[in-house]
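Coordinate inspection notes
Here is what each chain is made of, one letter per residue.
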Amino acid sequence: MYGEIAYAVLTQVYGKNVEAVIDNKLREVPWADIKVVRSSALEAYSKEGVDILVCAANAFDYIVREAGKYENGDIRLYDCKEILADYKKAKEQRQLPAESVYMYGGINLDEMILKYNFYAGEDNGYDKNIYLSYCVLCITSKCSLKCRNCAAFVTRYKEPADYSLEYVKSVFGKFLNVIDGIQELELMGGEPFLCHDFNDILEWCLTQDKIQTIKIITNGTIVPKTETWKLLKDSKVKLVIDDYGSLSRHYADLVRLTKANHVRYEVQKLQTWYQLEPVVEKGNTDQRKKEIFQDCVFRTCIGVTNGRLYHCNVSGHMNTVGMLSDAESDFIELQNKEWENKELKEAVRDFLSIPYLRACDYCNYSSHVEVPVAEQ
């Protein structure tokens, strides 16, 4: 979101040229026809001089550290505070179009600015709120594909199953009741369209004022029914369609129907995934686990899976399928424990501030081994 904002202001308000986007996860960005490079490319840029804009909140410190590796070069680093202020002004004066890739639904721009400024070093009280930029709600472990290196480890579920609307209201609702808001909620599988109660769950989520936007990622194998399309066209929803080539057999139909039904959508064509296995104890020191956690893209992937709140939804699936025992996992029990609201809120606040996860000593993500996507 911050990258799209910065690009819009730089090019459309300031009239500047942007040469590249640095992102260690994506190969392309949906909001600009521009090359995406890895942070290692900074070494080449540092020899000729470059201005780098830090377009992230939670990952602010990580990006500064990455750029710091080349501090002897001619690199000038800037934060995004002024650009965010100018973006808000431009939107109010209607200098920028309303349509965008990430700025959808009930976006709370004031909260985004407050959050960014806090992570960029401003003591503005943002940490007093429990406002999540991203949260995952697992609604099924069923999937229509059997991908190696699946981040949800769905091939390891012995009895894949759906989560019901009643479960979502009682378990996820308990968590939602004690936090201040969620910028983007992802309804996750498996393949979410296989969930029996998908329509009911989505409809309930749409009525929750604390949920600003809802994202659904589909693998392109399932075509939703008519009633589902009626819900997907809500302005709070974005459908992300993975393009896995011939595996996404209904990809073309989905793109056609999203346009016909005026559904906000994005096509995701990833070239590689990161290999998460083997999940084995590595014996890292506490300091190394802190470093792994701070540099991990899944650090803010907070989610509810199998009745528990996990700080990292990947580790949640590891625990659920038995790759990590309870003793090796970090979670808050929601389904099988009664909580007073005040007690749970404080537990969540403390949980979100832990310096690392026990699962960080088992996860293989820190190795950064790239593998082909969706291998069956």
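Residues numbered from 1 in each chain as written. Predicted model: local features only at pLDDT ≥ 70, side-chain atom pairs only at ≥ 80, totals over all residues. Heavy atoms only, no water.

The alternating pattern of strand β12 (residues 302-305) places Ile302 and Val304 on one face and Gly303 and Thr305 on the opposite face, and all of these are buried. Here three bridges tie strand β6 (residues 135-138) to β12, and the two strands are oriented parallel to one another. When the sheet's bridge partners are listed, cysteine 135 is paired in β12 with isoleucine 302. Inspection of the sheet shows β12 paired to strand β13 (residues 308-310) by three bridges, in the antiparallel sense. Following the sheet pairing, threonine 305 is matched in β13 by arginine 308. As consecutive antiparallel partners, β12 and β13 are separated by two residues, and within that stretch asparagine 306 has a phi angle of approximately 55°, a positive value. (Buried < 20%, exposed > 50% of the residue type's maximum accessible area, 1.4 Å probe, protein only. Helix = DSSP H or I, 4+ residues; strand = E, 2+ residues; numbered from the N terminus. Pairing = 2+ DSSP bridges.)

Now for empty space enclosed by the protein. Evaluation of the coordinates by the stated rule reveals one cavity of 30 Å³ or more. Considering only enclosed or pocket space, the largest cavity measures out at about 150 Å³ in volume. In terms of lining residues, the largest cavity is bounded by 15 residues, among which Cys296, Cys312, Ala359, Cys360 and Cys363 are the most central. If you list the elements that add at least two residues to the lining of the largest cavity, you get α10 (286-294) and α11 (313-320). It is α11 that provides the largest number of residues to the lining of the largest cavity, a total of three residues. (1 Å grid on protein atoms, 1.4 Å probe; cavity = no way out; pocket = protein on both sides within 12 Å on 5 of 7 lines; lining within 4 Å. Points joined across faces, edges and corners; volume = space filled by probe spheres on them.)

Take serine 315: it is sitting in helix α11. Residue classification places serine 315 among the buried residues on the basis of a relative accessible area of 4%. Residues within four places of serine 315 in sequence aside, it is in contact with Tyr310, Leu324, Leu357 and Ala359. (Contact = heavy atoms within 4.5 Å.)

Applying the stated criterion across every chain, the model contains zero disulfides. Unpaired in terms of disulfides, cysteine 138 finds its nearest cysteine sulfur in cysteine 195, a separation of 9.0 Å. Classification of cysteine 138 as buried rests on a relative accessible area of 1%. Between cysteine 150, a free cysteine, and cysteine 147, which holds the nearest cysteine sulfur, the sulfur-to-sulfur gap is 6.3 Å. Assessed through its relative accessible area of 17%, cysteine 150 is described here as buried. (Disulfide = S-S within 2.5 Å.)

Residues Val50 and Ile52 of strand β3 (residues 50-53) are buried on one face, while the alternating residues Asp51 and Leu53, pointing to the opposite face, are not. Alignment of β3 against strand β4 (residues 75-78), held across four bridges, turns out to be parallel. Looking at β4, one finds that aspartate 51 is bridged to arginine 76.

Before going further, it helps to examine the packing of helix α4 (residues 81-92) against helix α5 (residues 109-119). At their nearest, the axes of α4 and α5 sit 10 Å apart, and the two run at 170° to each other. Between α4 and α5, the interaxial angle falls into the category roughly antiparallel. Along the contact surface, α4 presents Lys81, Leu84, Tyr87 and Lys88, while α5 presents Leu109, Asp110, Ile113, Tyr116 and Asn117. (Axes fitted to C-alpha atoms, helices over the stretch in contact; angles between N-to-C directions. Parallel < 35°, antiparallel > 145°, perpendicular 65-115°, else oblique.)

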